[in-house]
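A structural walkthrough
Read off the chains here:
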Amino acid sequence: MKILVVGSGGREHALAWKLKQSPLVRQVFVAPGNAGTAKDATNVPIAAEDIPGLVRFARQEKIDLTVVGPEAPLAAGIVDAFQAEGLRIFGPSRLAAELESSKVFCKHLLRKFKVPTAEFWTFDQAEDALRFLENRGDMPVVVKADGLAAGKGAFVCDNIEQAMHAVRQIAIDKIFGQAGNRLVIEERLHGPELSVLAITDGKTIVTLQPAQDHKPAYDGDQGPNTGGMGAYSPTPLIDDATLHWIEEHILVPTVHAMNREGRPFLGVLYAGLMLTIQGPRVLEFNVRFGDPECQPLMMRLRSDLAEILLAATERRLEAIEAVEWDPQAAVCVVMASRGYPGSYEKGHPIRGLEEAEQLPGVKVFHAGTASKDGQIVTAGGRVLGVTALGETIPQAKLHAYQAVKLIRWEGAWCRKDISDKALPYLTGAAPVYRPPT
Ligand code: AMP
Ligand code: GLY
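All of the points below concern the structure found in this document.

Basis of the calculations
Residues numbered from 1 in each chain as written. Chains lettered and ligands numbered in written order. Predicted model: local features only at pLDDT ≥ 70, side-chain atom pairs only at ≥ 80, totals over all residues. Heavy atoms only, no water. Helix = DSSP H or I, 4+ residues; strand = E, 2+ residues; numbered from the N terminus. Rg over C-alpha atoms; globule rule 2.2 N^0.38 Å. Buried < 20%, exposed > 50% of the residue type's maximum accessible area, 1.4 Å probe, protein only. Contact = heavy atoms within 4.5 Å. Areas by Shrake-Rupley, 256 points an atom, 1.4 Å probe, with all protein chains shown as cover. Lys, Arg positive; Asp, Glu negative; His and termini not counted. Charge placed at Lys NZ, Arg CZ, Asp CG, Glu CD. Pairing = 2+ DSSP bridges. Arc of directions from axis to C-beta. Salt bridge = Lys/Arg side-chain N within 4 Å of Asp/Glu carboxyl O. Near = heavy atom within 4 Å. Polar contact = N/O pair within 3.5 Å; in protein donor to acceptor, adjacent residues only side chain to side chain. Nonpolar A, V, L, I, M, F, W, Y, C, P; charged D, E, K, R; others polar. 1 Å grid on protein atoms, 1.4 Å probe; cavity = no way out; pocket = protein on both sides within 12 Å on 5 of 7 lines; lining within 4 Å. Points joined across faces, edges and corners; volume = space filled by probe spheres on them.

This part takes up the overall build of the protein. Helices and strands together make up the secondary structure of the protein, namely 15 helices and 22 strands. Taken over the C-alpha trace, the protein has a radius of gyration of 21 Å; the compact-globule value for 437 residues is 22 Å, and the two agree within 12%. Viewed in the frame of its principal axes, the protein has a C-alpha envelope of about 60 × 45 × 45 Å. Burial statistics for the protein: of 437 residues in total, 59% are counted as buried. Relative to all contacts within the protein whose residues are 6 or more apart in sequence, the contacts with residues 24 or more apart total 69%. Roughly 17900 Å² of accessible area belongs to the protein as shown, and the carbon and sulfur atoms make up 49% of that amount. On the protein, the mean spot of the 47 positive side-chain charges and the mean spot of the 52 negative ones are 2 Å from each other.

Here we come to the pairing of strand S15 (residues 230–233). Neither face of S15 is left uncovered, since the one carrying Gly230 and Tyr232 and the one carrying Ala231 and Ser233 both have all their residues buried. Where strand S12 (residues 212–213) and S15 come together, two bridges link them in antiparallel fashion. Directly across from Gln212, in S15, lies its bridge partner Tyr232. Relative to strand S18 (residues 329–336), S15 runs antiparallel, the two sharing four bridges. When the bridges of S18 are listed, Tyr232 appears paired with Val331.

Let's shift gears to helix H8 (residues 126–136). Buried residues of H8: Ala126, Ala129, Leu130, Phe132 and Leu133, and no others. Take H8 and look down its axis: the buried residues cluster within an arc of 160 degrees, on one side only. Exposed side chains of H8 directed beyond 90 degrees from the buried face belong to Glu134 and Asn135. Each element contacted by the buried residues of H8 is listed here: strand S6 (120–123), strand S7 (141–145), helix H9 (160–172) and strand S9 (183–187). Trailing H8 by a residue or two, Gly137 shows a phi angle of about 70 degrees, which is positive.

Glancing now at the side chain of Arg281. Looking at the element boundaries, Arg281 is found in strand S17 (residues 279–286). An unpaired buried charge is present at Arg281: no salt bridge exists, and Glu187, the closest side chain of opposite charge, is 5.9 Å distant. Beyond its immediate sequence surroundings of up to four residues, Arg281 is in contact with Pro116, Thr117, Ala118, Leu189, Gly272, Leu273, Met274 and Thr276.

The environment of ligand 1 is formed by 14 residues, the closest being Lys144, Glu186, Leu189, Glu193 and Glu284. One nitrogen or oxygen atom from the side chain of Lys103 is found 3.1 Å from an oxygen atom belonging to ligand 1. Side-chain polar atom of Lys144 to an oxygen atom of ligand 1: 2.7 Å apart, as the coordinates give it. Expressed as a share of its isolated accessible area of 470 Å², the protein-covered part of ligand 1 is 91%. Classifying every residue of the shell around ligand 1 by side-chain character gives seven nonpolar, no polar and seven charged.

The full set of residues close to ligand 2 is Asp213, Gly227, Tyr270, Asn286, Arg288, Gly290, Asp291, Pro292 and Glu293. Arg288 is positioned with one of its side-chain polar atoms (N or O) 2.9 Å from an oxygen atom of ligand 2. Contact distances for ligand 2 include 3.0 Å between an oxygen atom and a backbone N or O atom of Asp291. Protein contact buries 91% of the 200 Å² of open area that ligand 2 shows by itself.

Turning our eyes to something else, we now look at empty space enclosed by the protein. One pass over the full model with this rule turns up four cavities of 30 Å³ or more. Of the volumes computed, that of the largest cavity is approximately 70 Å³. Together, Leu99, Glu100, Lys103, Cys106, Lys107, Lys144, Glu186, Leu283, Glu284 and Phe285 line the largest cavity. The set of elements that each furnish at least two residues to the lining of the largest cavity consists of helix H6 (94–101), helix H7 (103–112) and S17. Here the lining of the largest cavity is built from residues that sort into four nonpolar, no polar and six charged.

What is shown is where atoms sit, not what they do.
In structure tokens form, the structure reads like this:
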């Protein structure tokens, strides 16, 4: 098969790297890719948002399967455009992608089908939202823009002043543009967070092993939210019984709900969950692989990803063999540019990549990198996802940071505590989470 991966981040590098290992796959193209995908696959200079350009390329090259990394082209209807041309593509249709691209749609669906999530209220007018907050008094809330905001559209508020400020920023100042035309105000929940991703063809659900992201920029979950500063898998927060509970009470009803709404969902269903004392609650759904969760998952996946994604597009997931995982743990540490998640410089030469990759069990996934005059230089905020395997989570962490130490550029930094959230569960200081019965 010839495969096209759409996107240019660490997630897309991990997908291309994994797909390339399949005996079914002859060639992998990445559009537009980065300096890492240029080594492990073939880059094509077409932007991820250029849907007509991508359709044209897929037709000319006779691409057998296209895999979409980021949410923007899915929300813009890339899957519908490919299917209209008879091209095979893995991902949800535009209408199904609204599960991520409209929080208002998602929350109403969850309420209607009784999928556990935070209590919520939706608004089209800033004044109505402000009046609502005044009447509620000092209830802790989270204020969210309806549309896509690169993971930055949720404001977790401690008091009414913060909540009103968030409403004004989203709905009056329009800091996320049109994404702020509608608002969701949610009750604020408490508990550890977890990412559970599943591949579904709309009938069968193949749940992947749980992972945990680290959204805040700095150690100890301090600082502004980012796209994700690191991830690890598996996580000891939950056991198989709870994963099964999540499948049964969250994933299956959501896939069913999408069918009932006439928006059958095919693709990656990514549940961002909070494990509250009342039970697991959906914070949000994404409709694609998480970045950086995808990197440790691909390191651990033993089954043939191409075979699974192909089966999904042909709606025969029920017939595939059980997915196999490396029992080792994987930790991915994101190395970022100085200034990220604010503005940052680009173009700094990166050194030490080859030494780092020579360490056993280490793979350096590229995100914001480019080739310039024969050198690999920084080209984004999140630059690399240094990923390593280990017998245990602490060993995988050690290997990942040994590799990180070998890599340098001006202004490089990373969180030093990726995967430490697992420690209390590993030592027994924290009990494994269980939903109330
Ligand atoms: P979202 O984009 O909806 O996933 O929200 C981004 C982040 O905001 C989540 O990863 C949580 O840390 C936090 N968050 C979202 N919703 C809630 C909630 N209802 N209660 C507490 N924290 C939340
Ligand atoms: N890592 C969070 C996301 O991909 O949205």
